[in-house]
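# A look at the structure
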Amino acid sequence: RKEVEQDPGPFNVPEGATVAFNCTYSNSASQSFFWYRQDCRKEPKLLMSVYSSGNEDGRFTAQLNRASQYISLLIRDSKLSDSATYLCVVNGGSSNTGKLIFGQGTTLQVKP
Amino acid sequence: GAVVSQHPSWVICKSGTSVKIECRSLDFQATTMFWYRQFPKQSLMLMATSNEGSKATYEQGVEKDKFLINHASLTLSTLTVTSAHPEDSSFYICSATDGLETQYFGPGTRLLVL
């Protein structure tokens, strides 16, 4: 089983749509959770951290369910510029090594 | 935000040659740097963790004699792919942290070994 699992997609949605991505992780000792965005042939960029209480940043909402080891990202009112691969990222364990485990990524294509 | 640079951004080399990739933190001191590799349509895979002044910690399955890492200062880490072969062709990305939670990624280096 992969440490971080995501549906690779692609998700093809029209502009203005709401889309949700899910992710599961296997290490119950993980303490930090993130969503990164990666554009084609570019490095990943931090989109947002994910907290147990849930957090929102504009059109983006992230949720964490520790009991189910499940993380989600909701994008409202999709824009063409949201087209990218979204990476679910989890830190590597209970010790603060800074080690990050990346999911395979979910590809989003927003169409006019 | 913090800036991390990598050099070169891409390199093409013949099989058997060695390639050195530099990773620099430009506006902060990086206590730890990480080296990742990404093959097409796959996730980033951590290769090694590098702390300034000490030996790198390699992930399982990564050959330390093939991927030499040097972290000589708080702003520079280098990855040398020794005797590169076509299967080493990949996207190599470094990241750096100042000890807080966020990792800042470099723009990556595309390596093509012919």
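Predicted, not measured: the structure shown is a model, and the values here were computed from it. (Residues numbered from 1 in each chain as written. Chains lettered and ligands numbered in written order. Predicted model: local features only at pLDDT ≥ 70, side-chain atom pairs only at ≥ 80, totals over all residues. Heavy atoms only, no water.)

Secondary structure summary: chain A contains zero helices and 11 strands in total. When its helices and strands are written in sequence order, chain A yields β-β-β-β-β-β-β-β-β-β-β. Each principal axis of the C-alpha atoms in chain A carries an extent, and together these give about 45 × 30 × 20 Å. In chain A, which comprises 112 residues, the share counted as buried stands at 46%. (Helix = DSSP H or I, 4+ residues; strand = E, 2+ residues; numbered from the N terminus. Buried < 20%, exposed > 50% of the residue type's maximum accessible area, 1.4 Å probe, protein only.)

We now examine the state of the cysteines. Overall, the coordinates contain two disulfides over all chains when judged by the stated rule. Linked covalently through their sulfurs, Cys23 of chain A and Cys88 of chain A form a disulfide whose S-S length is 2.0 Å. For the disulfide bridge between Cys23 of chain A and Cys88 of chain A, the dihedral angle about the S-S bond is near -75 degrees, and by the sign convention the bridge is left-handed. Of the two residues, Cys23 of chain A is situated in strand E3 (residues 19-25) and Cys88 of chain A in strand E9 (residues 84-91); the sequence distance between them amounts to 65 residues. The buried category is assigned to Cys88 of chain A, whose relative accessible area is 0%. A sulfur-sulfur separation of 2.0 Å characterises the disulfide bridge that pairs Cys23 of chain B with Cys94 of chain B. Handedness of the Cys23 of chain B-Cys94 of chain B disulfide follows from its S-S torsion of about 80 degrees: it is right-handed. Pair noted here: Cys23 of chain B is in strand E3 (residues 19-25) and Cys94 of chain B is in strand E9 (residues 90-97), with a separation of 71 residues, a long-range link. Relative accessible area serves as the criterion here: at 0%, Cys23 of chain B is assigned to the buried category. Residue Cys94 of chain B is classed as buried on the basis of its relative accessible area, which comes to 0%. There is no disulfide at Cys13 of chain B, and the cysteine sulfur nearest it, in Cys94 of chain B, is 19 Å away. (Disulfide = S-S within 2.5 Å.)

Turning next to the pairing of strand E7 (residues 67-73) of chain B. All names here are of chain B. Pairing of E7 with strand E8 (residues 76-81), which is carried by five bridges, proceeds in the antiparallel orientation. Note on E8: the bridge partner recorded for Leu68 is Thr80. Connecting E7 to the antiparallel partner E8 that follows it, the hairpin turn spans two residues. (Pairing = 2+ DSSP bridges.)

What follows covers a nonpolar patch on the surface. A grouping of Trp10, Ile12, Leu112 and Leu114 of chain B is seen on the molecular surface, where their side chains present a nonpolar patch of about 470 Å² in accessible area. Mapped onto the elements, Leu112 of chain B comes out in strand E11 (residues 109-113). (Patch = residues over 30% accessible without salt bridge, like charges linked within 9 Å, V, L, I, M, F, W, Y side chains within 5 Å. Areas by Shrake-Rupley, 256 points an atom, 1.4 Å probe, with all protein chains shown as cover. Salt bridge = Lys/Arg side-chain N within 4 Å of Asp/Glu carboxyl O.)

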